[in-house]
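Each chain, letter by letter, is given below.
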Amino acid sequence: MTTLTMIARVADGLPLAASIQEDEQSGRDLQHYQSQAKQLCRKLNAQSPDRCTLEAGDMNFHYLIAEGVCYLFLCEASFPKKMAFAYLEELHTEFYDQYGKRVTTVTRPYSFIEFDTYIQKTKRSYVDGRARRNFSSINTELQDVQRIMVANIEEVLQRGECLSALDTKASNLTSLSKKYRSDAKYLNTRSTYAKVAAVTVCVITLIIYVRFWWL
């Protein structure tokens, strides 16, 4: 299974640590994915969504931003999203404990390359078949992965559109959807009242007619 894990500083995209596992039989160009990962990290900022999935053909980039650091994981699209973000959460917890206070001070790329050992060990526990069979044991308190924003990596990188802009568009669409539902509910209520009023008028008219015509 081809995987790429990269940890980078959000403020300037500086790579802090990385780990690569290449599957030669897959025929995938891992250098291309590495380039995309670095470009993506440079595009992130304080307004970017803290969790996002970017589709790249039959592969997915998943990233998590926490404490000014981006944790990025490239894996096959078939790999469970919830498991991918559980893996990133675990990396964040350990990385922050070890290097959290030094993140803002380093200036050279891959200053914490020794963290690769922990990345490899943790990744195996998630990618290994036995771990995947025990999928139900993953922390159920993780944010609902169905609500995590999904975009296309090529569109983000080629158009130069910031992820924060995509997040804003998604929020706007959600607001419009809520407004539409609210307006529809209001119109349905008015329609119901109008029907009731029409029936009431007909009944009153009939009563008046019967009363004065027959009496």
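Residues numbered from 1 in each chain as written. Predicted model: local features only at pLDDT ≥ 70, side-chain atom pairs only at ≥ 80, totals over all residues. Heavy atoms only, no water.

A short note on the overall build of the chain
Scanning the chain for helices and strands turns up six helices and six strands. Its helices and strands taken in sequence order, the chain reads β-β-α-β-β-β-α-α-α-β-α-α from the N to the C terminus. Relative to its 215 residues, the chain shows a buried fraction of 39%. (Helix = DSSP H or I, 4+ residues; strand = E, 2+ residues; numbered from the N terminus. Buried < 20%, exposed > 50% of the residue type's maximum accessible area, 1.4 Å probe, protein only.)

A word on the environment of Pro 49
Of note, Pro 49 is situated in the loop between helix H1 (30-43) and strand E3 (51-56). For the pair Pro 49 and Leu 64, spaced 15 residues apart in sequence, the C-alpha to C-alpha distance is 8.6 Å.

Here's the deal with unusual backbone geometry
The phi dihedral of Glu 67 falls on the positive side, at around 55°, and the residue is not glycine. Structurally, Glu 67 can be placed in the loop between strand E4 (59-66) and strand E5 (69-76). Relative accessible area serves as the criterion here: at 55%, Glu 67 is assigned to the exposed category. The phi dihedral of Tyr 110 falls on the positive side, at around 55°, and the residue is not glycine. Within the secondary structure, Tyr 110 is located in the loop between helix H2 (81-99) and helix H3 (116-127).

Side note on the side chain of His 62
With respect to the element layout, His 62 can be found in strand E4. By relative accessible area, His 62 is classed as buried at 1%. A distance of 2.9 Å separates the side chain of His 62 from the side chain of Thr 53, its partner in a polar contact. If we ignore the near neighbours within four places in the chain, the residues touching His 62 are Cys 52, Thr 53, Tyr 71, Leu 72, Phe 73, Cys 75, Lys 81, Ala 84, Phe 85 and Leu 88. (Polar contact = N/O pair within 3.5 Å; in protein donor to acceptor, adjacent residues only side chain to side chain. Contact = heavy atoms within 4.5 Å.)

Comments concerning the nonpolar core
Ile 7, Leu 16, Leu 88, Leu 91, Phe 95 and Phe 115 are the most contacted members of the largest nonpolar core, which totals 27 residues. Breaking this core down by element, the ones donating at least two residues are strand E2 (15-21), E5, H2 and H3. Broken down by element, this core gets its largest block of residues, nine residues, from H2. When neighbours within four sequence positions are excluded, Leu 88 is seen to be in contact with His 62, Tyr 63, Leu 64, Tyr 71, Leu 72 and Phe 73. Formed by 23 residues, the second largest nonpolar core is a distinct cluster that contains Leu 30, Ala 56, Ile 65 and Cys 70. (Core = buried A, V, L, I, M, F, W, Y, C linked by side-chain atoms within 4.5 Å.)

Digging into the side chain of Ser 19
With respect to the helices and strands, Ser 19 occurs in strand E2. With relative accessibility at 2%, the residue Ser 19 sits in the buried group. At 2.8 Å, the side chain of Ser 19 and the side chain of Asp 116 are in polar contact. There is a polar contact of 2.8 Å between the side chain of Ser 19 and the side chain of Gln 120. In this structure, Ser 19 is in contact with Thr 3, Leu 4, Thr 5, Asp 116, Ile 119, Gln 120 and Lys 123, ignoring residues within four places of it in sequence.

Section: H2
With 19 residues, H2 extends 26 Å from end C-alpha to end C-alpha; this agrees with the ideal 27 Å at 1.5 Å per step. Every buried residue belonging to H2 is among Met 83, Ala 84, Phe 85, Ala 86, Tyr 87, Leu 88, Leu 91, His 92, Phe 95 and Tyr 99, and all of these are buried. (Expected span 1.5 Å × (residues − 1).)

None of the figures reported here should be taken as evidence of function without further support.
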